Amino acid sequence: MMAANSNVARPGETAAAPVGETIDYVTVSLGDETFGLPIDRVHDVFIATNLTDVPLAPPEIKGLLNLRGRVVTAICLRRRLGLPDRDSEGRNMAVGLELGGEAYGLLVDQVGEVMKLSADTYGPNPVHMDARWRNVSRGVHRLDGRLLIVLDVDAVLAFGDERTTASAA
C-alpha cells in the first residue's frame, strides 16, 4: 500500500521534475479547481460529441464516441472525483489519453493552457485532501494562491480491480 503523501513514480508516469528541471502539464478545470495532466500522456484535445451510452457501465463512463475512426471511452472527470454534474449543458471538452492500448476521452469543464512548472513549486498531496482525490493525485504545485493538482493518469483511468492495483502501486 502506498502512503497518501508518497509521490513515487508509477509505471508509465513521470515523477516530479528534479530540482532545476521543469515538467509540462496540460491544465484542465472543473469548476474552480485546476488539474494538471503530464503533457507526455495527452494525445488530443477535442469536443466530445455523439456519445453512445454503454449499458451497465460505471457512472463515470459517459459513453463511447468515434474519434477519427477510433472508438474512445468518454470518462467524466467530475463523476470520477465525486463532484456533482455540471448545472449547465456546455460543450463536452475532452482530453485524449491512452492506457494499455485503449483510447479514452477525459471529459472536463475547460481545457486551459500548457504550463511549464519547476520542482520548486511541487509538493505532496495535502493531508486533508479527500481520499477520492488523493487516490488519483501525484501531488500538487503551489501557484499564486491556488493549487494545481497533478493527476495520475493510470489511476484516473483504472476501474474495478485495476483501480485497486493502481492505487496500491
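Computed from a predicted model, the values in this text were never measured in an experiment.

## Re unusual backbone geometry
Inference 1: Positive phi outside glycine occurs at Leu 56, with the angle close to 65°.
Inference 2: With respect to the helices, strands and loops of the structure, Leu 56 is situated in the loop between β3 (42–47) and β4 (61–67).
Inference 3: A residue is classified by how much of its surface remains accessible, and Leu 56, at 90% relative accessible area, is exposed.
Inference 4: Unusually for a residue other than glycine, Arg 68 sits at a positive phi of about 50°.
Inference 5: The residue Arg 68 is located in the loop between β4 and β5 (70–76) in this model.

## Some words on the sheet that holds strand β7 (residues 102–108)
Inference 1: One open sheet holds the 5 strands; their spatial order is β3-β6-β7-β5-β4, and the pairing between them is mixed. The open sheet has two free edges, formed respectively by β3 and β4, since each of these has just one partner strand. Pairwise comparison of adjacent strand axes, ignoring direction, gives a mean angle of 30° for this sheet.
Inference 2: Here 6 bridges tie β4 to β5, and the two strands are oriented antiparallel to one another. The partner of Leu 67 across the bridge, within β5, is Arg 70.

## Some details on the sheet that holds strand β1 (residues 22–30)
Inference 1: Across the sheet, which stays open at both edges, the 6 strands sit in the order β8-β1-β2-β11-β10-β9 with mixed pairing between neighbours. The open sheet has two edge strands, β8 (110–118) and β9 (122–123), and neither has a second partner.

## Structural notes on a nonpolar patch on the surface
Inference 1: There is a patch of nonpolar side chains on the surface, built from Val 54, Leu 64 and Val 71 and spanning about 210 Å² of accessible area.
Inference 2: By the secondary structure assignment, Leu 64 is in strand β4.

## Description of the nonpolar core
Inference 1: Ranked by size, the top nonpolar core spans 26 residues in total, and within it Phe 35, Leu 37 and Leu 77 carry the most contacts.
Inference 2: Secondary structure elements with two or more residues in this core: β1, β2 (33–38), β6 (93–99), β7, β11 (146–151) and α3 (153–157).
Inference 3: No other element matches α3, which puts 4 residues into this core.
Inference 4: If sequence neighbours within four positions are ignored, Phe 35 has contacts with Val 26, Thr 27, Val 28, Leu 30, Leu 81, Trp 133, Leu 148, Ile 149 and Leu 151.
Inference 5: Ranked by size, the runner-up nonpolar core spans 9 residues in total, among them Phe 46, Ala 48, Ala 94 and Leu 107.

## Considerations on the packing of aromatic side chains
Inference 1: For the coordinates displayed, the defined rule picks out 1 aromatic pair.
Inference 2: The ring of Phe 159 has Arg 80 sitting right over it, with the charged end atom 5.7 Å from the ring centre.

## Thoughts on the environment of Leu 83
Inference 1: In this structure, Leu 83 sits in the loop between α1 (77–80) and β6.
Inference 2: Remark: the alpha-carbon pair of Leu 83 and Leu 30, spanning 53 residues in sequence, is separated by 8.8 Å.
Inference 3: Those residues in contact with Leu 83 that sit more than four places away from it in its chain are Leu 30, Arg 78 and Trp 133.

## So, the pairing of β2
Inference 1: With 5 of its 6 residues buried, β2 lies for the most part within the structure.
Inference 2: One ladder, built from 6 bridges, connects β1 with β2; its direction is antiparallel. Each residue of the ladder has a partner; that of Ser 29, found in β2, is Thr 34.
Inference 3: Linking β1 back to β2 in an antiparallel pair, the connection comprises 2 residues, with Gly 31 at a positive phi of about 60°.
Inference 4: Taken together, the 3 bridges between β2 and β11 define a ladder with parallel strand orientation. The partner of Thr 34 across the bridge, within β11, is Leu 148.

Here is what the cut-offs are and how they apply
- Throughout, residues of each chain are indexed from 1 in the direction in which the sequence is written.
- Selection of residues for local features in this predicted model requires a pLDDT of at least 70, selection of side-chain atom pairs for listing and counting requires 80 or more, and totals for whole chains, interfaces and linings are taken over all residues.
- The side-chain figures draw on all heavy atoms in the structure; neither hydrogens nor water molecules are used.
- Under the scheme used here, helices are H or I runs from DSSP no shorter than 4 residues and strands are E runs no shorter than 2 residues, and both carry numbers assigned from the N terminus.
- Throughout this description, buried means an accessible area under 20% of the type-specific maximum (1.4 Å probe, protein chains only), exposed means over 50%, and partly exposed covers the range between.
- Only strands that DSSP links by at least two bridges are regarded as paired with each other.
- To obtain an axis, a line is fitted to C-alpha atoms, over the contacting stretch when the element is a helix, and the angle between two such axes runs from 0 to 180 degrees between their N-to-C directions.
- Each patch is assembled from residues with relative accessible area greater than 30% and no salt bridge, linking like charges that lie within 9 Å and nonpolar side chains (Val, Leu, Ile, Met, Phe, Trp, Tyr) that lie within 5 Å.
- In these tables, accessible area is a Shrake-Rupley quantity obtained with a 1.4 Å probe, and a residue counts as shielded only by the protein chains included in the view.
- For this analysis, a salt bridge means a side-chain nitrogen from Lys or Arg found within 4 Å of a carboxyl oxygen belonging to Asp or Glu.
- In this description, a nonpolar core means a group of buried Ala, Val, Leu, Ile, Met, Phe, Trp, Tyr and Cys residues linked to one another through side-chain atoms lying within 4.5 Å.
- Contact between two residues is taken to exist if any of their heavy atoms lie within 4.5 Å; hydrogens are not considered.
- Working definition: rings of Phe, Tyr and Trp (its six-membered ring) pair if their centres are within 6.5 Å, and the pair is stacked with planes under 30 degrees apart, edge-to-face with planes over 60 apart, and tilted otherwise.
- A ring is scored as having a charge over it whenever the NZ atom of a lysine or the CZ atom of an arginine sits within 6 Å of its centre and within 35 degrees of its normal.

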